[in-house]
Amino acid sequence: MNPYLALTRPGNMILTAVAVVAGAFVAAGTDISDFQTEVALCCLCSMMLVGGGNALNDYNDRETDKENHPERPIPSGAVPADTAMAYAQALLASGLLILLFAVENKMPFVVALLGILLLIAYENGLKAAGITGNIAVGLMSGAVFLFAGMAVNDPGPTLWMFGLAVFATITREIVKDIQDLEGDRDRRTLPSSIGIGNSMIIATIVLLVAIGLSYTAVGQFEGRASDAYLGGISLANGTMLFGIYNAKQEDYFAGQKNIKQGMGIAMLAFIVAAGLG
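Residues numbered from 1 in each chain as written. Predicted model: local features only at pLDDT ≥ 70, side-chain atom pairs only at ≥ 80, totals over all residues. Heavy atoms only, no water.

Caption draft 1: Molecular detail of the overall build of the protein chain. Looking only at helices and strands, the protein chain features 12 helices and 0 strands. Mapped in sequence order, the helices and strands of the protein chain form the string α-α-α-α-α-α-α-α-α-α-α-α. Projected onto the principal axes, the alpha-carbon positions of the protein chain cover approximately 50 × 45 × 30 Å. The buried share of the protein chain, taken over its 277 residues, is 51%. For the protein chain, long-range pairs separated by at least 24 residues make up 70% of all intrachain contacts whose partners lie at least 6 apart in sequence. Only carbon and sulfur atoms are counted for the fraction: they give 64% of the accessible area of the protein chain, which is about 12,300 Å². If the 15 positive side-chain charges of the protein chain are averaged to one point and the 23 negative ones to another, these points end up 4 Å apart. (Helix = DSSP H or I, 4+ residues; strand = E, 2+ residues; numbered from the N terminus. Buried < 20%, exposed > 50% of the residue type's maximum accessible area, 1.4 Å probe, protein only. Contact = heavy atoms within 4.5 Å. Areas by Shrake-Rupley, 256 points an atom, 1.4 Å probe, with all protein chains shown as cover. Lys, Arg positive; Asp, Glu negative; His and termini not counted. Charge placed at Lys NZ, Arg CZ, Asp CG, Glu CD.)

Here's what the structure looks like:
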């Protein structure tokens, strides 16, 4: 893969665009066709912003990645660090400018700007501040759904998606911090502060909050839509709980991957239910 493309994590970029479409569809239903231009531009900009954020993250993690992820473009020498920083800044600035000048509704720009400010705070201190950094990542992940709702002028129906994404992402980030514990000697992560066992307890509690929240969304749907959502979200929750099980067996890579898979299934549950509603 081209190293500059690898810097942006293209898989994450595509998933973000899918999340924007999903959030917009859940919020607007079949009326999403009335917002084709807005949704398309928001998809493009979300990919640029996520890509820029990932490149910025790799720049700031270039020293720890020599041990944790030596195959990445900067530690492997494929992309000079200064070039990666300029690349990240260009992507972030371009995404914001397109939202500001090409989208008539300015609320997606406001959400994106707040997200970028949170990203900068994360990269310049919150990342090394334990659970606070995990919460910041959770908020940035969940904001994608509010961003999508804003694009179609109705963020209300996306609030459940936002909450589920926030709590599930916090759980996944804690598991990832445990996975990277050996290489994160310069960061005060949650597991380095309170230990792996206590961190897993907190991760489990946070995930249980996410699961509880997911079932409160059943009331949004009726009939077949409600049944489809209940089945889909139960599968999603089971997958994420399996991730906790794997993490407790010290397979942290599989654990955080299962949680991410569960989040994807949950998104599909919302899409299917909205389509049947």
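Caption draft 2: Examining unusual backbone geometry more closely. Despite not being glycine, R9 shows a phi value in the positive range, around 55°. Residue placement: R9 occurs in the loop between α1 (3-7) and α2 (10-28). A positive phi is found at N153, a non-glycine position, where the angle reads about 65°. One can find N153 in the loop between α7 (131-151) and α8 (159-179).

Caption draft 3: Representation of the environment of V18 in the model. Tracing the chain through its elements places V18 in helix α2. Taking relative accessible area as the criterion, V18 reaches 38% and is therefore assigned partly exposed.

Caption draft 4: Quick look at the packing of aromatic side chains. For the structure shown, the criterion picks out 4 aromatic pairs. Through successive ring pairs, a cluster of aromatic residues spans F221, Y229 and F270. (Phe/Tyr/Trp six-rings, centres within 6.5 Å; stacked < 30°, edge-to-face > 60°.)

Caption draft 5: Representation of the packing of helix α3 (residues 36-60) against helix α6 (residues 107-123). Running from N to C, α3 and α6 point in directions that differ by 5°, and their axes come no closer than 11 Å. By the angle class used here, α3 and α6 are roughly parallel. Across from C42, L49, G53, L56, N57 and N60 in α3, the residues of α6 making contact are P108, A112, I116, L119, Y122 and E123. For the contact of α3 with α6, the residue count by class is 8 nonpolar, 3 polar and 1 charged. (Axes fitted to C-alpha atoms, helices over the stretch in contact; angles between N-to-C directions. Parallel < 35°, antiparallel > 145°, perpendicular 65-115°, else oblique. Nonpolar A, V, L, I, M, F, W, Y, C, P; charged D, E, K, R; others polar.)

Caption draft 6: How the structure looks around the side chain of R72. Along the chain, R72 turns up in the loop between α4 (65-68) and α5 (81-102). Taking the relative accessible area as the measure of exposure, R72 reaches 18% and is therefore buried. If we ignore the near neighbours within four places in the chain, the residues touching R72 are R9, D58 and D65.

Caption draft 7: Region of the structure containing the side chain of T8. Here T8 shows up in the loop between α1 and α2. Contact partners of T8, with chain neighbours within four places excluded, come to M13, V50, G51, N54, Y87 and L91.

Caption draft 8: Representation of the pattern of salt bridges in the model. Using the criterion set out here, one finds 5 salt bridges in the structure. Taking the shortest distance from any N to any O, the salt bridge between E173 and K176 comes out at 3.7 Å. Residue E173 and its partner K176 are both found in helix α8; the two are separated by 3 residues, about one turn of the helix. Given the relative accessible area of 9%, E173 is considered buried. One connected set of salt bridges, linked through shared partners, spans R9, D58, D65 and R72. (Salt bridge = Lys/Arg side-chain N within 4 Å of Asp/Glu carboxyl O.)

Caption draft 9: Region of interest: the nonpolar core. Ranked by internal contacts, the top residues of the largest apolar core, which has 76 residues, are L99, Y229 and F270. Beyond its immediate sequence surroundings of up to four residues, F270 is in contact with V26, W160, M161, L164, A217, Q220, F221 and Y229. (Core = buried A, V, L, I, M, F, W, Y, C linked by side-chain atoms within 4.5 Å.)

Caption draft 10: Spotlight on the packing of α2 against α7. The interhelical angle for the contact between α2 and α7, taken along N-to-C directions, is 50°, at an axis separation of 8 Å. Considering the angle they form, α2 stands oblique to α7. When you trace α2 past α7, the crossing you get is right-handed. In this structure, α2 uses T16, A19, V20, G23, A24 and A27 to contact α7, whose residues at the interface are V144, F145, F147, A148 and G149. Split into classes, the residues belonging to the contact of α2 with α7 amount to 8 nonpolar, 3 polar and no charged. (Left-handed = near helix turned anticlockwise from the far one by under 90°.)

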